[in-house]
Amino acid sequence: MPAPDGTAVAVGLVLGAGGLHAAAQHAGVLAALAEATGWDARTSEVVVGTSAGATTAVSLRAGLSAADLRAQYNRTEASPDGQALLNRVTTPLDLGPRDGAAERPTGRPANPMLILRDLVSTARPRPVVALSGLLPEGPHDGSSLGVRTTEMHPEPWPDRPTWICAVDLDDGSRVVLGRDDVDAEIGPAVQASTAVPGWFRPVEVDGRRLVDGGVHSTTNADLVAALGLDLVVVSSSKTAVATAGGGKQGTGTLARAWHGRTLWREVEAIRRKGAEVLVLQPTAGDLAARTGDDRSDVDLPEVCEAARASTLARISLPESASARRLLAAAATGHR
């Protein structure tokens, strides 16, 4: 949080969902911000990670720099310190078969009552939560994600605030691991946050059946609204920059539009509390670099470098001047 004398700049970081494409995007975004302003994402006051964003959050808290994250995804040489961290991870990543039709979920819905809960709730509809209850439990084992996380970060939880988002499959509520009163270690927490309904099996954490936090929101940025931060940086992979005439909700698929509206509400909630918000999301050019689904690893260098280029362009714009100044001040420790 900001120091009483007002010299320190408090920056929060939100890393959204979106599979391997999101992880590569986050790497490009953070590398660009470090290049342009000197800001080190590892110093964030709080990091909120959802699904793929949870894996990036843990890498940062383990000590991996933005430059080394970029090297990981664009498949270039990391620094000696970065390579030592990356070498900790020896378990192969297993996301299940690439062809989604190869093994479709079968059986009874995981929790059809979530539909009724959504219908009778007076809160904003969460159709993805309801849908997750209609899907059978996923047939695939996501444990490699949890094991790889533990290899990267052997301690039970990072010392600095790190909030990993999941959803309770039994009642549809959002669970914020690392903040809520839930007994969890970082590996199972990330495995739960990445447990896509209908694809991966739910993960039991402290007696709760948890699935992907992106079911509630692909960003969950509203969690930081009340923290008194100076600036919140949001890297969102499942939304998109608006095209001309497209309004502020993004472009592309209906899903991107829905997630964009959700993100916009979250951003407005943060701004009402007085914080600056810098939202970094794919441009049309960024999306053109993505082929296949977001489990594909064939184009990760292109996704990473496209995100870096578009972020460098965005942070140089006049409307980003305040965020640029705050990031530079955070890098030096003074306003």
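Up top is the structure.
About the thresholds
Residues numbered from 1 in each chain as written. Predicted model: local features only at pLDDT ≥ 70, side-chain atom pairs only at ≥ 80, totals over all residues. Heavy atoms only, no water. Buried < 20%, exposed > 50% of the residue type's maximum accessible area, 1.4 Å probe, protein only. Helix = DSSP H or I, 4+ residues; strand = E, 2+ residues; numbered from the N terminus. Pairing = 2+ DSSP bridges.

### Brief notes about helix 8 (residues 186-193)
Counting buried residues in helix 8 gives seven out of eight residues, a clear majority hidden from the surface. All of the buried residues along helix 8 are Ile-186, Gly-187, Ala-189, Val-190, Gln-191, Ala-192 and Ser-193.

### Regarding the pairing of strand 3 (residues 162-168)
In terms of burial, strand 3 is largely enclosed, as seven of its seven residues are buried. Burial along strand 3 is two-sided: the residues Thr-162, Ile-164, Ala-166 and Asp-168 and Trp-163, Cys-165 and Val-167 are all buried. Relative to strand 3, strand 2 (residues 46-50) is paired through four bridges, and the arrangement is parallel. Paired with Gly-49 across the bridge in strand 3 is Ile-164. In this structure, strand 3 lies alongside strand 4 (residues 174-177), joined through four bridges in antiparallel fashion. For Ala-166, the partnering residue across the bridge sits in strand 4 and is Val-175.

### Quick notes on unusual backbone geometry
A positive phi angle, close to 55°, is found at Ser-51, a residue other than glycine. For Ser-51, the location among the structural elements is in the loop between strand 2 and helix 2 (52-62). The class of Ser-51 is buried, set by a relative accessible area of 6%.

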